[in-house]
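Given next are the chains, with one letter for each unit.
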Amino acid sequence: MSDTHPRRRREATAAGAAAALAAGAYALAAAARGTLPGAGPAAAGVRDVAVPFRTHLWDLAHGTTPGDLLFNWNSGYGAPFLPDFFGYLANPFYWPTVLLPRSAGELSVLLTTLLGIAAAGALMTHALGRLHPGPARLRALLAVGYALCAWVLDEGVANPAWLWGPVSLPLLLLAADWCLHERRWATGALCVAAAWAGNLHTAAAATLAAGLVLLIRLAAGERAPARTAPALRTWARVLGRAVTMTAAGVLIAAPVLFVALRAAEDAQPALLSTVTGEPPGPLDRFAQLLPGAPGAPALPDVAVGMLGLLLVASLPFNARVRARERIAWCVLPALAGLALASRPDVLRWHGLVLPVAGPYRAGFVLSGLLVLAAWVCLSHRPRPPALLGGAGLVLLLAAVAHGRPALRAAGWPGTLAALAVATAALWALERLHARPRATALVTLALACAVFGGAVRSAYTAGGPAQAGGADRSAVGAAHRALRAADDWPRSRADPGPHAFTANDALLLGGQGGGYASEQVPAATAQALHDLGAGWSLAGRRTLSPEDPVGRALFGVGTHLDDGPAPDGFTPRHAPAPPLVTVHPVGPTDTASVWSRREALLGSAVYDVPALTPVGGPAPTPHGGSGWSVPATPPGSAGTVLAGTCTPGSTAYFHSLWFDGTVSGLGTTYRSAGSQPVTAVGVRLLGPVPADGRVEVVLRASATGPVPARPVGCLRPGALEAAVARLTAGGGAAVTTGGHSVSAVLPAGSTGTAVLSVPAVRGWTCSSGGPYAAPRPVLGLIGVPLEAGASRVSCSYRVPGLAAGTLVGLVAAGVVALVAAGRWYRRRATGGRATGRAAVAGDESAGPATGGDEKAGPAPAA
């Protein structure tokens, strides 16, 4: 016990050094680029996800948003928020950033990133020591490579919520070590719970990796000390503890798990091809092991620095590592790498849920396994022949990877220099291991090399600063404009169709249709899609309508349109019906986007002409499903469709999946449709001339579909009359809570009350009777009115939350009982041992002989 405190101080110092080196290297690289996280490949993720969701967290904490933790009134015209909180904001390093100003979104993301990197480095330093004993300062250097692995730099910084994954892996490795030594079951369960609550999908990958490491350690002959039981009984005991500990921890996180699973069931499905892309080739996979260069797209980024790579390559030649252990630690990372490059295994590593922002969200576990293998080699002090063998393998890897995105000609000098420095330093450490002062100097030099390599990797992965990000002053101006126009819940203030980011409604406030998330409900995406709004990412990013009828359907009174400098937007206003309107019961025509819109308006407002091909390559008609427009040959004017509308009306075109150029009535725009990934919403063509003829020219990039009735002509004054009628018969007084809405209806209202909110699962409504699930009306919430109904009320409950909370509380109670029982037994055992020692001491002392005997020295502590 005498060296416990110095050992703990050394351990804490090494962990702090790893945290400081890793976070400092990233911060220095960001400062050198003059950018915040994600200036390169990760820029879109930071801009579209991290900053808007952090800003919404700030609004929640300060009470400046109409929604709450359960429901988000800002995005998608009303969407569940708790699944998004668990997916994007459960990383606890996010939470302190609400103390910063609202406008400090990018700074908050940077701080969250730095805290995640630092924590990952510190915890991995300690986890390596539990795998094999060895110098703490060398463990810290390998941990820096893990904390700044290529996955963190290329993928993790795009969404700092994912950085809880690199923190979770060493945490779970420590829990697995406690299982191996049959101790701290309750603490391990809490570590598992923390990993799963912080980020569900990275936790699934980290748990799988920690389980594999535990199996390797058991297979290599490690087991709890002072045990004499046969190996089979040891295996059963250790694995039993691991399984029960993991199960208890996961069940404590059941609120997160249950809510996430139900949200995944309801979410707009992702297309596997749009997430994973084409499988990478073998050389591209091997090239990703090399540090210091940005990786090719659609590849797991796994580089851990030259020190780690050299040690992994030296492991097969290190005879000081037992053959069984050496083989296991060479095979495990190789199999993990192959699994990550296989589409079915991508699903397994991600807990059977496809990530929207990249197919390799679990790639950090491979980096962790490489660092563990590197430490197995380093802790056994590789001899010079082993180091030379490893250096030869690295050179061979660099040679076969030459010309790949991970290693261009300009990268050779840095690669060779890093390899030479790492090889020389490891050789010196082996030769001088008996001379502490010389070893310290070599370690310091190696630390400088590792820090420099980390800065270089972070700088290169970030790439040069890219234009296109939102101007801070323009974002502030848009936020102020929406706040000034806020009239919720009488009408909505939509930040679209102008877009700074994919989640402007979270960034700017207001109540818009734009929404990008892995948890976008399919009901939300389909409702907006059917009513003429666009989408991308196969519906996992929805867009606000771009025409006045589409905005009126959702009660939008103010919206931001594209406008001139300096801010790039222009606020526009229009009358809007209330959030709750009343409609008669009757059949609904859903044949086209125009008829669906008229059904919700309760009035005929469009002329929908039957178009006829009059020029260019002839399209192929498919009846009610639309036309197939052939690709436009070079030099051709394109396919011409013509029809007739009321003179003076305004023509709109719904190109939907069409990919090409649309021209008509003085307007030309690019339609970038791609079924089913990108849908283009209803767009303005222009005023119909006096002869009533509408001609549309389609120049198709490739043969593609167009709806059967793509043109709708809005008759003059028809929309205004429809809005006035809906306002007169709609909710006279609409009130909303964080996840509820109610409205007072005109006396004698009959039919169905329709809320301009997508009918996602979890809503229950009443018009005077018992609460029940609503009846969707064209994707929106519909409430059949009871006789004499004068009020309608709806409330939202998060699916899975109640059951998950109950399970989590029970599991937490079980873990608490186990911990209390263990504490009581230890206290009782300690008390009995103290009592026996006191009795033994009294008996050995014998009778008192007087005060002339000299007392002996006190026993050493």
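Residues numbered from 1 in each chain as written. Predicted model: local features only at pLDDT ≥ 70, side-chain atom pairs only at ≥ 80, totals over all residues. Heavy atoms only, no water.

### Considering the packing of aromatic side chains
What characterises a pair of aromatic rings is the spacing of the ring centres plus the angle enclosed by the ring planes. So the rule is basically this: The criterion for an aromatic pair is that two Phe, Tyr or Trp rings (for Trp, the six-membered ring) have centres within 6.5 Å, with stacked assigned to planes under 30 degrees apart, edge-to-face to planes over 60 apart and tilted to the rest. Here a strand is any run of E in DSSP of at least two residues, a helix any run of H or I of at least four, and the numbering for each starts at the N terminus. When a residue's accessible area, from a 1.4 Å probe over protein chains only, is under 20% of the maximum for its type it is buried; when over 50% it is exposed; and in between it is partly exposed. Cation placement over rings: the criterion is NZ of Lys or CZ of Arg within 6 Å of the ring centroid and within 35° of the ring normal.
Scanning all chains against the criterion turns up 15 aromatic pairs. Ring plane angle 55 degrees and centroid distance 5.1 Å describe the contact between Trp151 and Phe364, whose orientation is recorded as tilted. Placement of Trp151 in helix α6 (residues 150-154) and of Phe364 in helix α17 (residues 364-379) is noted, with a sequence separation of 213 residues between them. Take Trp151: its relative accessible area is 0%, and that puts it in the buried class. Here the aromatic residues Phe71, Trp73, Trp488, Trp763 and Tyr796 are joined through ring pairs into a cluster of three or more. Over the ring of Tyr669 we find Arg683; its NZ or CZ atom is 4.3 Å from the centre of that ring.

### Notes on the packing of helix α14 (residues 306-314) against α17
Heads up, the condition is: Simply put, an axis is a line fit to the C-alpha atoms, just over the touching stretch for a helix, and the angle between two N-to-C directions goes from 0 to 180 degrees. Throughout, the term roughly parallel applies to angles under 35 degrees, roughly antiparallel to angles over 145, roughly perpendicular to angles from 65 to 115, and oblique to all others. Handedness of a crossing is defined here by the sense of rotation of the near helix relative to the far one, left-handed for an anticlockwise turn of less than a right angle and right-handed for a clockwise turn. Contacts are assigned to residue pairs that have any heavy atoms within 4.5 Å of one another. Under the convention adopted here, Pro, Cys and the residues Ala, Val, Leu, Ile, Met, Phe, Trp and Tyr are nonpolar, Asp, Glu, Lys and Arg are charged, and Gly plus all remaining residues are polar.
Contact geometry of α14 with α17 gives a least axis separation of 8 Å together with a crossing angle of 65 degrees. Put simply, α14 runs roughly perpendicular to α17. Seen along the crossing, α14 lies across α17 with a hand that is left-handed. Facing α14, whose interface residues are Gly308, Leu311, Val312 and Ser314, α17 presents Leu370, Ala373, Ala374, Cys377 and Leu378. In terms of residue class, the contact of α14 with α17 is made up of 7 nonpolar, 2 polar and no charged.

### Some points on the state of the cysteines
Keep this limit in mind: We call a pair of cysteine sulfur atoms a disulfide when they lie within 2.5 Å.
If you walk through the whole model with that rule in mind, you get 2 disulfides. One disulfide in the model links Cys645 with Cys713; its S-S distance is 2.0 Å. A torsion of 70 degrees about the S-S bond marks the disulfide between Cys645 and Cys713 as right-handed. Pair noted here: Cys645 is in the loop between β14 (639-644) and β15 (650-656) and Cys713 is in strand β21 (residues 711-714), with a separation of 68 residues, a long-range link. Residues Cys645 and Cys713 agree in their burial class; the two are buried. Two residues, Cys765 and Cys794, share a disulfide whose sulfurs are 2.0 Å apart. On the sign convention where negative means left-handed, the S-S torsion of about 115 degrees between Cys765 and Cys794 marks this disulfide as right-handed.

### Observations concerning the sheet that holds strand β24 (residues 752-758)
Each strand in a sheet pairs with its neighbour through backbone hydrogen bonds, running either in the same direction (parallel) or in the opposite one (antiparallel). Rules: Note on pairing: two strands pair once DSSP finds at least 2 bridges between them.
In spatial order, the strands read β9-β24-β26; together these 3 strands make up an open sheet with antiparallel pairing. The open sheet has two free edges, formed respectively by β9 (580-583) and β26 (780-784), since each of these has just one partner strand. Each neighbouring strand pair of the sheet contributes to a mean axis angle of 30 degrees, computed without reference to strand direction. The pairing of β24 with β26 spans 5 bridges and is antiparallel. From the neighbouring strand, Thr752 faces β26, where its bridge partner is Pro784.

### Focus: the sheet that holds strand β20 (residues 704-706)
Read from one edge to the other, the open sheet built from 3 strands follows the order β12-β13-β20, with strand pairing classed as antiparallel. Edge strands, defined here as strands with exactly one partner in the open sheet, are β12 (620-621) and β20. With 3 bridges joining them, strand β13 (residues 627-629) and β20 adopt antiparallel strand pairing. In the strand pairing of β20, Val629 is matched with Gly704.

### Concerning a positive patch on the surface
Convention followed: Note on patches: the residues involved have over 30% relative accessible area and no salt bridge, like charges join within 9 Å, and the nonpolar side chains Val, Leu, Ile, Met, Phe, Trp and Tyr join within 5 Å. A 1.4 Å probe and the Shrake-Rupley method give the accessible areas. Residues count as covered only by the protein chains that appear here. Here, a salt bridge means any Lys or Arg side-chain nitrogen found within 4 Å of an Asp or Glu carboxyl oxygen. The charged-residue count follows a simple rule in which Lys and Arg add positive charge and Asp and Glu add negative charge, with His and chain termini not counted at all. By convention, the point assigned to a charge is CZ for Arg, NZ for Lys, CD for Glu and CG for Asp.
Positive charge collects at one region of the surface, where Arg8, Arg183, Arg184, Arg822, Arg825 and Arg826 lie side by side. The leading source of residues in the positive patch is helix α27 (residues 801-845), at 3 residues. Of note, Arg826 is situated in helix α27. Arg826 gets classed as exposed once you look at its relative accessible area, which sits at 58%.

### Brief notes about the pairing of strand β27 (residues 791-796)
Looking at chain direction, strand β23 (residues 740-744) and β27 are connected through 5 bridges and run antiparallel. Bridge assignment links Ser742 to a residue of β27, and that residue is Ser793. In this sheet, β27 lies alongside strand β25 (residues 763-766) in antiparallel orientation, the contact comprising 4 bridges. Bridged to Cys765 within β27 is Cys794.

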